[in-house]
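Analysis of the macromolecular model
In case you want the letters, here they are:
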Amino acid sequence: MSQAHDASLIMQDGHGDGHGEGHAHEHHPFHQHHFTTMEQQFDASKIGMWLFLATEILLFGGLFVGYGIMQSRHLEAFVAGHHHLDWKLGALNTCFLLISSFTMVMAVWAASNNRNGNKRGVLITNLLLTLGFAGGFMVVKYFEYSHKLHDGLLPGKFFSYTGPDAVPNMFVFFSFYFMMTGLHGFHVLGGMGAITYLIIRSIKGDYSSEYFTPVDLIGLYWHLVDLIWIYLFPLLYLIT
Amino acid sequence: MNTWLRDLFLPSAASIKAQSVDDLFMFILWLNIIFFILIAGLTILFCIQYKRRSANQKTAHIEHHTVLELTWTVLPLILCLIVFFWGFNTYMQAGVAPDGAMEIQVTAKKWIWSFGYPDGSVAIGKLWVPVNKPVRLIMHSEDVLHAFFVPGFRIKQDVLPNRYTETWFHATQVGDYVIPCTEYCGKGHSEMKAVVKVVSQQDYEKFLEEGDPDEKGLPPEKLGATLYVNLGCSTCHSIDGTKGQGPSWKGIWSAQHKMVDGKSFLVDENYIRTSILQPQQMIVEGFEGIMPSYQGQIRERQLVALIAYIKSLK
Amino acid sequence: MADVIASPAVHTGDHGHHADYLSDPQHKGIWSWMTTVDHKRLGVMYLWAVLLAFLVGGVFALLVRLELMNPGEDFMTAEQYNQAFTLHGAIMVFLFIIPSIPAALGNFVMPLMLGAKDVAFPRLNLASFWVYVAGAVMAVTSIVVGGVDTGWTFYTPYSTSTGGAVTMMTLSVFVLGFSSIFTGINFIATVHKLRAPGMGWFQLPLFVWGIYATAIIQVLATPVLGITMVLLIMERAFNIGIFDAQIGGDPVLFQHFFWFYSHPAVYIMILPGMAIISEIIPTFSRRTIFGYRLIALSSVAIALIGFLVWGHHMFTSGQSALAASIFSFLTFLVAIPSGIKIFNWIATMYKASISLNTPMLYATSFLLLFGIGGLTGIFLGALSVDIHLHDTYFVVAHFHYVMMGGTVIAFLGGLHYWWPKMFGRMYNETVARIACALVFIGFNMTFLTQFFMGSQGMPRRYYTYLDQFQPLHQFSTFGSWVLGAGLLIAAVNLMGALRGPKNAPDNPWGGTTLEWQTQSPPITHNFAGQPAIEHNPYDYRYFKVPSDAV
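The rules behind these values
Residues numbered from 1 in each chain as written. Chains lettered and ligands numbered in written order. Predicted model: local features only at pLDDT ≥ 70, side-chain atom pairs only at ≥ 80, totals over all residues. Helix = DSSP H or I, 4+ residues; strand = E, 2+ residues; numbered from the N terminus. Expected span 1.5 Å × (residues − 1). Buried ≥ 20, exposed ≤ 12 C-beta atoms within 10 Å, placed from the backbone. Contact = placed C-beta atoms within 7 Å. Pairing = 2+ DSSP bridges. Axes fitted to C-alpha atoms, helices over the stretch in contact; angles between N-to-C directions. pLDDT = per-residue confidence, 0-100. Parallel < 35°, antiparallel > 145°, perpendicular 65-115°, else oblique. Left-handed = near helix turned anticlockwise from the far one by under 90°. Nonpolar A, V, L, I, M, F, W, Y, C, P; charged D, E, K, R; others polar.

All names here are of chain B. Along its 13 residues, helix α8 (residues 300–312) runs 19 Å from first to last C-alpha, staying within 8% of the 18 Å computed at 1.5 Å per residue. What α8 keeps buried is the set Gln302, Ala305, Leu306, Ile307, Tyr309 and Ile310. Elements in contact with the buried residues of α8: α5 (220–230) and α7 (269–277).

Moving on to the sheet that holds strand β9 (residues 175–180) of chain B. Residues and elements named next belong to chain B. One open sheet accounts for three strands, arranged β4-β10-β9; its pairing is mixed. Every other strand in the sheet has two partners, leaving β4 (126–130) and β9 as the edge strands with one partner each. Taking the axes of each pair of neighbouring strands and ignoring which way they run, one obtains an average angle of 25° across the sheet. Two strands pair when backbone bridges link them, and β4 and strand β10 (residues 193–199) are joined in this way by five bridges, in the parallel orientation. Bridged to Val129 within β10 is Val198. Across the face of the sheet, helix α4 (residues 201–210) comes into contact with β4 and β10 while running at roughly 135° to β4.

For the rest of this paragraph, the subject is helix α4 (residues 120–151) of chain A. Residue and element names in this part refer to chain A. Over its 32 residues, α4 extends 47 Å from the first C-alpha to the last, a length consistent with the 46 Å expected when each residue adds 1.5 Å. Residues of α4 that are buried: Leu123, Asn126, Leu127, Thr130, Leu131, Phe133, Ala134 and Phe137. In this structure, the buried residues of α4 make contact with α3 (87–112) and α5 (170–204). Of the residues one or two after α4, Gly152 is the one with positive phi, at around 75°.

When pLDDT is averaged across chain C, the result is 92; 97% of the residues are at 70 or more. Listed scores for the predicted complex are pTM 0.89 and ipTM 0.91.

So, about the packing of α3(A) against α4(A). Residue and element names in this part refer to chain A. Between α3 and α4, the shortest axis-to-axis distance is 8 Å and the interhelical angle comes to 160°. Comparing the axis directions of α3 and α4 gives the class roughly antiparallel. You can see that α3 and α4 cross each other, and the crossing is left-handed. Split into classes, the residues belonging to the contact of α3 with α4 amount to 18 nonpolar, six polar and two charged.

Time to look at the pairing of β10(B). Residues and elements named next belong to chain B. In terms of burial, β10 is largely enclosed, as six of its seven residues are buried. Bridge count for β9 against β10 is six bridges, and the pairing is antiparallel. By the bridge assignment for β10, Gly175 is matched with Val198.

What follows deals with the packing of helix α3 (residues 78–114) of chain C against helix α13 (residues 393–423) of chain C. Residues and elements named next belong to chain C. Where α3 contacts α13, the axes come no closer than 11 Å and their chain directions differ by 25°. Here α3 lies roughly parallel to α13, going by the angle between them. Pair α3 / α13 crosses with left-handed handedness. Side by side, α3 and α13 meet where Ile97, Ser100, Ile101, Leu105, Phe108 and Val109 of the first sit next to Met403, Thr407, Phe411, Gly414, Trp418 and Met422 of the second. When its residues are assigned to classes, the contact of α3 with α13 shows nine nonpolar, three polar and no charged.

Our focus in this paragraph is the sheet that holds strand β8 (residues 165–170) of chain B. Residue and element names in this part refer to chain B. Pairing within the open sheet is mixed, and its five strands lie in the order β3-β2-β1-β5-β8. Edge strands, defined here as strands with exactly one partner in the open sheet, are β3 (122–124) and β8. Ignoring strand direction, the axes of neighbouring strands in this sheet form an average angle of 25°.

Omega for the peptide link from Lys110(B) to Trp111(B) comes to -10°, which places this bond in the cis form. With respect to the secondary-structure elements, Trp111(B) resides in the loop between β1 (102–109) and β2 (112–116). Looking along the chain, the bond that leaves Thr156(C) and enters Pro157(C) is cis, with omega of 0°. Within the secondary structure, Pro157(C) sits in the loop between α4 (122–145) and α5 (158–161).

We now examine the interface of chain B and chain C. Taken together, the contact pairs 71 residues of chain B with 73 residues of chain C. No other element matches the 16 residues that helix α3 (residues 66–93) of chain B contributes to the side of chain B that touches chain C. Residue classes in the side of chain B that touches chain C are distributed as 43 nonpolar, 18 polar and ten charged.

Next comes the structure, spelled out in C-alpha cells:
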C-alpha cells in the first residue's frame, strides 16, 4: 500500500514550510481557525448575511402578500383606515431612516479605511448618528402608537373605534398596520442593539481595514430595515 | 386482468364521471406496473449479475451516455404530458354541470349533512336523487371546512364557510352510496356520514310527496332507532351510557337533568322536543353547547319517533 | 491494520494516531458537549435528538394503527385519536424528518467531504441545535398542557376555533423554523467557501449537492412558514381577521400560505435521502456514478420547481380551474428529475462490482419503495383522478412511500454507512441485514394495503371505518408491528456496537470521498493536513481500495 501516486488525494501538511505568507491568521486576533485566510472568512460571513436578508424579505413578503389580498377584499375599509395615519409623521420617519442609512454607509467606509486608528473618530461619530436617527424613528413611532391606542384603532378584537367614519372590517387594516410596523419596529430595535455593540467594539479599537466584518454586515442589515420601511410607508400611509 | 385490477382498486362506477376517471386511473396503473417491473427488475438483475465475486473485480467506467439519459428524460416527460392532458381534459369536462341540472343545496355543519330540495323541503343524512339525471350541488358550511365525497361517483369538493362551492354528478345506477366527510373537522369527523339514495324517477317523486319511504309504516320506536343513525344523533349521543360529545340517551327518561346555568329539568316529551329544536336553551352540565338546531329540518312524525325511541332506552 | 489506508499521503509524518473527537482530552465532560462548536459533536447530538423524536413519533404511529385494528372505539376516544395522529404527524415532520439527514448526518459528514475543518459558522451551528431543543421542548409541553387535535397541517378555521394547546404547538413550529434556517444558511456558506483546494462544483460529492439544494429550500421557504404561524397565532389570540371566515377572513388563504412552505418542505425531506443514495450506490458498486451532472443538477431543478407546485394539495379546495391546471402541469414537470435520478442510480449498477452490505440493501430497498412512491404520485398529479383520491388513504400510502420508504430508508442506509466513521465501531452485519429485511417487509405490509383502501374510498384521519375495510386495516396494523420490530432490532444493533471495541477501519467500504480519508472516528480538526483533490469523486480508476474494506 505504498503507491502514493495511485491515491486520488494529496494531503498538504498545513504546518509545513512555504505557507507562512498565506497564513494571516497567525497575526490577526479575530481570525477563526477553520478559515484559511481573512478574505475567505469575510466572504463566508457576507454570504451568510445575504442569505439571512433573503429570509427577512420572505418573512415580510408573507405579510405583504396577506396585506395585498385583504386590501382587495376590504378596499373601502383599508382606505378609511389609512386616513387615520398621519403621512407627515410617516414621511418624517422615512427621512430619519434614509439619513441613518447614509450615516451607516459612512461608518462602513470609515471602518474599512481605518488604518492605525486614523478613522476611528469618524466611525464612532457615524455609528452614534445612526443610533440617534433610529432612536428618533422609534420616538415618532411611539407617538403614533399612543395616538392609535387612545382612539381605539387597534388590531383584531381590541378595535373599539366608533367614530363617524368607522367602516366594517376596518380592524383588519389596523391588524396589518400593527403587525407590519410592529415587526419592522422590532427590527429597528434589534438594529439599535447591534449598533450599540458596534460602538462599544469601535471604542475598543477592534475594527480596522483588515477586519471590519461586523460593521459591514450590520450595515447591510440596517439598509434592509430601511428598505422595508420604504415599502411600508406608501403601502400603509399613501393608499388611495 | 384489467377488470380484476379495476375491482381491486375502485368501487363500482355509478356515475358518468366515474367511467372517464376510471379509464385514466387504469392507464396510470398500467404505467405504474410497467415502470415498477422495469425498476425492480433491473435492480435485482444487476444485483445478481454484477455481484462482487472477487475483491479486485473490474468495473466499467461509464460516466454518462447522452442517448440513454435523453431517453429517460424525454420518454417519461411525454408520458407525463399525456397523463396531464388526459386528466386536465376529464377535469374540465366534468367541471361544470349541464344546463337544466336539478339543484340541491347542501349544508355541512359539525357533524351532519343536510340537503335542501327545490320544493323547500330539507332532509338530513340522506340525499335522494333520481337516476339518470344530472344533479348540481351548491354547498356551504356553517362552521369549519368539510368535504363532500362520493367514492362511487368519483366526486369530491371541499365545503367552505365563507362561500359556495359546487360539484355535480349524473348517477347511472340505482342504489345507496356513502358520503364520508373527507376534510378533517374535529371529534365527529369519522362519523360525519350521509347516503346518496339513487332511485327511479317514480320513487323520487314519491319521496317528494310522501317523505322518506324507509320511514313509512315503521312503528315510532323503530323509526326513532333509524333516525338516531340517519340524522346524525349517534355521532354525539351514545345509547349504552358512555359519555360522548353529548349526554348518552340510555336511561334518561324521567330523570332530572341539571343545566349549565343551574336550572334543572325533568326529561319528558317537551324537554326532548326543545333540546332538538332549540338545543342552545338546554345545555346539560358537563357538556358544551355544540349541538346544531334541527328547527325546520325535522318533521313532526320524526320528533315523535325520536321521543318514543328515547323512552324505550331503559 | 487501521493505519493501512488508501492514500498513505494522508498520514504524513509520524502521527500514527491522533486523539479522535470523541475522546479528545482537551474536550471532556458534559459541558464540553453542550457548548461544543465542533460540527461532528453537534451532528451526534442532533442524531440522538432526532432519533428520540423518531421514537416518540413512532409510538404515536403504533397507537394510531392499534386503534384502527377494529372499527369503532377500541381504546382511544375520537378526541384522543385525533390528538394521536396530529402528534404523530407534527413530531415526524417538524422534529424528525426535516432535521434528520441534514442536521444530523449532514452536519457530521458534509464538512469532512469538503475537506474543511468545520462549517462556516460553528457558533451558529450550536445556536441552531439549542433552538431546535427549545422548539422540541415547546412541542412536548403542548402535548402535556392540553394536546393538539388540528392535524399537522393546522387548517383554519378549525385550528382557530378548537381548544387545546394549538398556540403553543404553532409557536414551537415557528421556533423550529429558525433552527432550520440557521442550518441552511450555514451549509450554503460552507459549500461556497470551504471546499478543499481543487474541489470545483463538479467535484463535489453528490451528498453535498443534495444537502446544498436542501439548504436553499430551507432558507427560502421556512420564513414563509414562520410568518404563517405568526398569523395563525395572531388570529387565535386577537381575531385579526385574515383566516377566520366569520370575521371576513379567507380560510383557503391559509392553505396557500401553508403549502407554499410545506410542499417545498417535502423536498427538504426527500433531497437529502436521494443524496445519501447517490453516495451508497457508487461505493458499493465500486464504479463511478452514472450521469453525475444530471444527478447534481436535477437536485437543484427539484428545489426550484418545487416552489411552484404547492397548489396541487388544493385541487378540491375550490381554487380556480386555471390555477389547478397550472399546478398539475408543474407537478408533472417536477416528477421528471426524480425519475432521471432513479434510472441513473440503476445505470450505476451496470457492469459494477456490487456487494450487498447493509447500506446497499437499504439503497436497493430505497429504489423499489421510492419508485412506488414516485409512480403513485402520477395518480395524484392527474387532476380528475386526484379529485377521487384526495384526502384518502391513497394519499397517506403515497406520502409514506416517499417519506418513509424514501427518506427514512435512506436515513437508515446512511446511518449504517457512516456509523463506523462516526463512532469507529462496526455493527453486527447479519443482524443489520435481518433488521433491514423486516423493515422492508413490515413497511410494505403496512402501506401497500393502504393504496387499495384509499382508492376504494377510505378517508384519512378517521378513527373508525366501514366494515368492508377491516381485513386490510388489520393487515396494515400487523405490518406496523413487523416494521416496529425491524426498527427496534436495527436500533439495538447500532447502539450495541457502541459498547464494543473501536474496530472500524478508516475506510471500511472502500469509499472515495474525503470523509473516508481521515481516521475513524475523525480527529478533532478532521484532517491532519489540508486535503486536496485531484480526481472526480467515485472515480475508481485512480482509487486504490484498501485491503481491509469489505
